[in-house]
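# Remarks on the overall topology
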Amino acid sequence: MFSEYLFFIISIAAIYSALMVLISKKPIHSVLYLTLCFFAIAGHYILLNAQFLAVVHIIVYAGAIMVLFLFTVMLLNLNIENDFKKPRLIKFAAVISGSIFFLLMIAVLKSYDIAIVQNPALTQIGLVKNLGNVLFKDYLLPFEITSILFLAAMVGAVMIGKKDIY
Amino acid sequence: MSIFFILYKLILASVILLVSLVIAMYSTLIERKVAGFFQDRLGPNRAGVYGILQPLADGLKLFFKEEFMPNTADKFLYILGPSLTMMVALLTSAVIPWGDSLVIGGTDYSLQIADINIGILYVFAIISVGVYGIMIGGWASNNKYALMGAVRAASQMISYELAMGMSIIALVMMSGTLSLNEIVQQQHGFHWKVFYQPFAFVIFIICAFAECNRSPFDLPECETELIGGYHTEYSSMKLGFYLFAEYINMFISSAMISALFFGGYNFPFMDDLGLSHNALTIIGTLVFFVKITFFGFVFMWIRWTLPRFRYDQLMRLGWKALLPLAILNVIITGIVMMIQNHV
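Predicted, not measured: the structure shown is a model, and the values here were computed from it.

## Section: the overall build of chain B
Helices and strands together make up the secondary structure of chain B, namely 13 helices and two strands. Taking 2.2 N^0.38 as the reference for a compact globule, 343 residues should give roughly 20 Å; the C-alpha atoms of chain B span a radius of gyration of 21 Å, in line with that estimate. Along the first, second and third principal axes, the C-alpha atoms of chain B reach 65 × 50 × 50 Å. Relative to its full complement of 343 residues, chain B shows a buried share of 45%.

## Focus: the overall build of chain A
The helix and strand tally for chain A stands at six helices and zero strands. Going through the 166 residues of chain A one by one, you find that 16% of them count as buried. Put simply, of all contacts in chain A between residues at least 6 apart along the chain, 57% involve residues at least 24 apart.

## Description of the confidence of the model for chain A
Scored by pLDDT, chain A comes out at a mean of 82, with 84% of its residues at no less than 70. For chain A, helix H5 (residues 128-138) of chain A is the element with the lowest average pLDDT, namely 82, and helix H6 (residues 140-161) of chain A is the one with the highest, namely 90.

## Describing the domain arrangement of chain A
Taken domain by domain, chain A holds domain 1 (1-94) and domain 2 (127-166). Taken over C-alpha atoms, the centre of domain 1 of chain A sits 25 Å from the centre of domain 2 of chain A.

## A look at the interface of chain A and chain B
Reports of interface size often rely on the accessible area that becomes lost once the parts have come together. Counting from both sides, the interface comprises 16 residues of chain A and, opposite them, 18 residues of chain B. Counting residues per element, the side of chain A that touches chain B draws most heavily on helix H3 (residues 51-76) of chain A, which supplies 13 residues. In terms of residue class, the side of chain A that touches chain B is made up of 14 nonpolar, two polar and no charged.

## A word on the confidence of the model for chain B
Looking at chain B as a whole, its pLDDT mean stands at 83, while 99% of the residues score no less than 70. Mean pLDDT values over the elements of chain B span from 71, in helix H10 (residues 223-226) of chain B, up to 88, in helix H9 (residues 198-211) of chain B.

## Structural notes on the packing of H3 of chain A against helix H6 (residues 144-175) of chain B
Contact geometry for H3 of chain A and H6 of chain B: axes closest at 11 Å, N-to-C directions at 155 degrees. One finds that H3 of chain A runs roughly antiparallel with respect to H6 of chain B. Handedness of the crossing formed by H3 of chain A with H6 of chain B: left-handed. In contact with Ala64, Val67, Phe71, Met74 and Leu75 of chain A of H3 of chain A, H6 of chain B contributes Leu147, Ala150, Val151, Ala154 and Ile158 of chain B. Split by residue class, the contact of H3 of chain A with H6 of chain B holds ten nonpolar, no polar and no charged.

Cut-offs and rules
Residues numbered from 1 in each chain as written. Chains lettered and ligands numbered in written order. Predicted model: local features only at pLDDT ≥ 70, side-chain atom pairs only at ≥ 80, totals over all residues. Helix = DSSP H or I, 4+ residues; strand = E, 2+ residues; numbered from the N terminus. Rg over C-alpha atoms; globule rule 2.2 N^0.38 Å. Buried ≥ 20, exposed ≤ 12 C-beta atoms within 10 Å, placed from the backbone. Contact = placed C-beta atoms within 7 Å. pLDDT = per-residue confidence, 0-100. Domains from an automatic or database assignment. Nonpolar A, V, L, I, M, F, W, Y, C, P; charged D, E, K, R; others polar. Axes fitted to C-alpha atoms, helices over the stretch in contact; angles between N-to-C directions. Parallel < 35°, antiparallel > 145°, perpendicular 65-115°, else oblique. Left-handed = near helix turned anticlockwise from the far one by under 90°.

Structure (C-alpha cells):
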C-alpha cells in the first residue's frame, strides 16, 4: 500500500521532470531537471528492490555524467538571447517524426505481453551479492567484453581530447 | 513496521541531526582556537569563558546580516545552491553506525539509522551529488570568480572521487561486504583495518580533504585568486550554509575515516572489561566520538600547516599519483588474498 503511493509520487516526479527537460527555456534548468529525473528513476529501482542498481545509477548518471553536462553548459553559457531560431520546416518535421515514434512505442507496448513474473519486493536479484554471482559466474565473458569496450571508449576519449598527439 | 519503530527511528534521526549541527557549530570555534594555537595567539576569547559563546554570536550575526542578491542572478538556483549543499552534507549520517545496539526490555535498538547493505555505495552516491550545490550556487551568482570556483570544485571533486573509490575497493575486497555496520563489526577489538590497508587509508584521507574542499585543496574558494570562489556573491545565512556545510562534511568525513579504518565504536580490550552489552555500547559510542574529534583536529592541523596546492599540481596529484597508486593497491590486495586462499 505504502509503496504503491510512493510509486505514484515518484512516477509523477519522473514524468514532470522529463517534460520540464524539454519545456524549460534555459539549458541549465533542463540539465537540472534531467538530474531530477534520474533520481526519480533511481527511486523506482529501489521500489523494485534493486538497491545496487539504484545507487550505481545515481553515482554514474547524477554524479558523473550530469555533472559534466552541467559543466559544459555552464562554460558555454548558453542563454535565451543567443538561442538561434529554428526554421519552421524543421519544427514540423520534428513534430511529425516525434509523433510517429510515439505511435511506434504504443504499438510495441501493446504487442508486448506484460507479465509480472513475481512480486518485485520478493526478488533478490537486485541485491549486490546475487548480482555479483550472476555477473562473475554465468555472464563472465559478456561482462569482460563490456569492460574492454569501456576501456576502448576511454582510450578513444583521451585520443580525441589530446589535440597535439600527432 | 510498527508506529513505535518509526517513532524510535525518527528520534534517533533527530538526535543525530542535532548532534551533527552542534558539533559543526563548535568546530568553527575549535578551528579558530587551533588556528590561534598554531599562530601563537589566543583565538576568540571574548564571548563567554574561553569564547564558548562565540559560535552563537557568529550565527546570530549571520542571521541578522543584510540579505543581498545580485541583480543578474538566477533567483531560484541562487537559493537552491546553499540549500542543496546543506541537505547533501546532512544526508550521509544516516548510514554511519554511531554505536552498537542498546538492549532495552529484550529488544535490540541499533544506533544506526539505516543499515542498508550497500552503505558504502550510498555514501559515494551522496559525495558525488555533493558537487551540485557548489556548481549551482557558483553559476547562479553570475560572477566570473564564482563560476571559476564552481568549475574548479566540479573538476576537483570528480577527480578525487575516483581515487577515493579505488582506495575503498581494496577495503571492500578484504571485508567482503558493502555494509558499513558489518565492516565496523569486523574490526572488533583491535583488528582495525588501518593495519591491513595503511595504503588505502593514506589515499582515502587525502581524497577526503579534497572532497571537503579543505586546505591544502581549497582551490574552489581560493581567496588570493578568486576573492571567495563559489560563494563570492553570497551573504547572510546563505553564506552561513556554505560555511556550515563544510564543517558538517568535515565531521562526517572524520566519522567515515574512523568507521572504515579505525574500528568505529570498537576499542582495544573491549572484551576484557567484563561490562554489560549496554555499557559497552555507550563507551563505544563515546570512543567513536573521541576518534572523530581526533580526525577533526587532523583536518585543522593540516589546514594551518600546509600551503595551498597550485591547480595543475592538484590535478597531477589526483590523476597521476593517487589514482595509479590506488589501482596498484587493489591489485596487490587481490594477489595477497588469492595467495592466502590457496595456501
